[in-house]
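Topology and contacts: notes
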Amino acid sequence: MSLVAVVDYGMGNLRSVAQALKHVKLDNQEICITADPSVIDQAERVVLPGQGAMPDCMKALRESGLMDAVYRAAEKKPLFGVCVGEQMMMQFSAEGPADCLGLFPGEVVKFDPRLTIECGLKVPHMGWNRVNQRMEHPLWDGIENGAWFYFVHSYHVNPVNPNHVAGETDYGVRFTCAIARDNIFATQFHPEKSADDGLKLYSNFLRWNP
């Protein structure tokens, strides 16, 4: 069996992510929620979910003993970050503030509070928005440019390298909602809450061979 590990460091919507992955997995794939670094090392693919405040997530990841296993996965395995899992891949977050994993150059910033006044938009950003694809990528296969995905967040990534921007969304301002490089893909939105297109994204990840 080919193992797909969902990293359990105590923060994140693990079961709904795992259920979505199970719905689209190949017959020879096993989806496993794990807090064991050896299981992550054995896995062929790794998913890093995240939910909550960045300082809490980074503290939980460090104290879980799983951080080194995530770094090892990031070196060569297909790795998918979800929501705060995407934010954790940057160098630094204004939430806290907190140091992050540093897998992508850039930072995590908060939505400008003036959005509420000037645009009548609430923060946190919660609900469905279109995602504009900014690069050709195997994970976008079969998903129309401008497809709708589900968001719940107050912070977003601001990558240094424009070549790492895989998707953008407009919410008063245009912001990066998906990043990618080499064997890593990550989204601010929740594929597991995004109906058929979200399942298609996970399906593409489970078949992706970077």
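Residues numbered from 1 in each chain as written. Predicted model: local features only at pLDDT ≥ 70, side-chain atom pairs only at ≥ 80, totals over all residues. Heavy atoms only, no water.

1. With respect to the overall build of the protein chain
So the rule is basically this: Each helix is a run of DSSP H or I of at least 4 residues and each strand a run of E of at least 2, with the numbering of both proceeding from the N terminus. Computation of the radius of gyration draws on C-alpha atoms, with the globule rule given as 2.2 Å multiplied by the number of residues to the power 0.38. Only protein chains enter the accessibility calculation, which uses a 1.4 Å probe; a residue whose area is less than 20% of its type maximum is buried, one above 50% is exposed, and one in between is partly exposed. Method for areas: the Shrake-Rupley scheme with a 1.4 Å probe, in which residue coverage is limited to the protein chains shown. Asp and Glu are treated as the negative residues and Lys and Arg as the positive ones, with His and the ends of the chain left uncounted. Just so you know, the charge point we use is NZ for Lys, CZ for Arg, CG for Asp and CD for Glu.
For the protein chain, the helix and strand inventory stands at 7 helices and 13 strands. Relative to its length of 210 residues, the protein chain is compact, with a C-alpha radius of gyration of 16 Å against a globular reference of 17 Å. With the principal axes as the frame, the protein chain shows a C-alpha extent of 55 × 40 × 30 Å. Here the protein chain holds 210 residues, and 55% of them are scored as buried. In the structure as shown, the protein chain presents an accessible area of about 9300 Å², 47% of it carried by carbon and sulfur atoms. For the protein chain, the centre of its 19 positive side-chain charges and the centre of its 25 negative side-chain charges are spaced 2 Å apart.

2. Structural notes on the state of the cysteines
So the rule is basically this: Note on disulfides: each one is a pair of cysteine sulfur atoms within 2.5 Å.
One pass over the structure, following the stated rule, counts 0 disulfides. The structure places no disulfide on C83, whose sulfur is separated from the nearest cysteine sulfur, that of C57, by 8.7 Å.

3. Thoughts on the pattern of salt bridges
Put simply, the rule reads: Any Lys or Arg side-chain nitrogen located within 4 Å of an Asp or Glu carboxyl oxygen qualifies as a salt bridge.
For the structure on display, the rule yields 8 salt bridges. D41 is the salt-bridge partner of R72, the closest N and O atoms lying 2.9 Å from each other. Residue R72 is found in helix α4 (residues 67-76), and its partner D41 is found in helix α2 (residues 37-42); the two are separated by 31 residues along the sequence. A relative accessible area of 36% means that R72 is categorised as partly exposed. We classify D41 as partly exposed; its relative accessible area is 34%. Among the ionic pairs, E168 bridges to R174, the shortest N-O distance being 3.7 Å. Under the relative-accessibility criterion, E168 is labelled buried at 16%. Among the charged side chains, a network of salt bridges with common partners joins R134, E168, D170 and R174.

Coordinates in, geometry out; function isn't part of it.
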